[in-house]
Amino acid sequence: MSPLSTETPRPVEHPRRHPFRAFKDRFRAVLQLDDSPRSIALGFFWGTVIAWTPTVGLQMIMAVVTASLLRVNRLAAVVMVWLSNPLTLVPMYWLEYRVGKWMLALGGFTYDPWTRERFAALFEQVMQQDLLPALGTLADAGWSLLFPMCVGGLPIGALNGAL
């Protein structure tokens, strides 16, 4: 179009974007595996450690925050958190409880025993997607269950993450 032209310029048309496209693009940019092997390996390590903590519901947030603070790969950390899912949750919790209870017994601490049957009942609740009663059961058990799980989960997670 010449500068002396009397035609009105046509507006530039932009293709319509899906409303969630910008969010999706940003999310993809944040969680890319375009990183060094060291950063990816450390992301896997910290994700595995977090997966072995009794913090279901917070694990993905914890993985992203921890990976961001430590400047390791966030996607690798988040993927490893998925180790603890409804199928593996109760067996993982049972193992970390037993290991934690054993470690605490070495230090002279004792707690109310959680039997295999109580864990099996909790596993059934989770498998039936009856999560609120399962969380209620865990809340009722309180510190006598949570503390040994934390003590046992950290070394198990660190060992698994190192492998």
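Residues numbered from 1 in each chain as written. Predicted model: local features only at pLDDT ≥ 70, side-chain atom pairs only at ≥ 80, totals over all residues. Heavy atoms only, no water.

(A) Spotlight on the packing of helix α2 (residues 37-51) against helix α3 (residues 59-70). Close contact between α2 and α3 brings their axes to 10 Å; oriented N to C, the two are set at 145°. Both α2 and α3 take part in a crossing whose hand is right-handed. Across from W46, I50 and A51 in α2, the residues of α3 making contact are Q59, M62, A63, T66 and L70. Of the residues in the contact of α2 with α3, the class split is six nonpolar, two polar and no charged. (Axes fitted to C-alpha atoms, helices over the stretch in contact; angles between N-to-C directions. Helix = DSSP H or I, 4+ residues; strand = E, 2+ residues; numbered from the N terminus. Left-handed = near helix turned anticlockwise from the far one by under 90°. Contact = heavy atoms within 4.5 Å. Nonpolar A, V, L, I, M, F, W, Y, C, P; charged D, E, K, R; others polar.)

(B) Structural view of the nonpolar core. Counting seven residues, the largest nonpolar core is built from I50, A63, A67, V72, A77, V78 and V81. For this core, the elements supplying multiple residues, two or more each, are α3 and α4 (74-81). It is α4 that provides the largest number of residues to this core, a total of three residues. Ignoring anything within four residues of it in the chain, the contact list for V72 reads S39, L42, G43 and A67. Core analysis: the second largest hydrophobic core is formed by five residues, L89, Y93, L145 and M149 among them. (Core = buried A, V, L, I, M, F, W, Y, C linked by side-chain atoms within 4.5 Å. Buried < 20%, exposed > 50% of the residue type's maximum accessible area, 1.4 Å probe, protein only.)

(C) Structural context of the environment of W46. Checked against the element boundaries, W46 lands in helix α2. Sequence separation between W46 and G157 is 111 residues, and the spatial gap between their C-alpha atoms is 8.4 Å.

(D) How the structure looks around unusual backbone geometry. One non-glycine residue, R71, adopts positive backbone phi at about 55°. Looking at the secondary structure, you find R71 in the loop between α3 and α4.

(E) Expanded view of helix α5 (residues 89-106). With 18 residues, α5 should cover 26 Å at 1.5 Å per step; its first-to-last C-alpha distance of 26 Å lies within 8% of that length. All of the buried residues along α5 are L89, V90, M92, Y93, W94, E96, Y97, G100 and L104. Just past α5, the residue G108 takes up positive phi, approximately 90°. (Expected span 1.5 Å × (residues − 1).)

(F) Main features of the confidence of the model for the chain. This prediction gives the chain a mean pLDDT of 78; 65% of its residues lie at or above 70. Per-element mean pLDDT across the chain ranges from 65 in helix α1 (residues 21-30) up to 92 in α3. (pLDDT = per-residue confidence, 0-100.)

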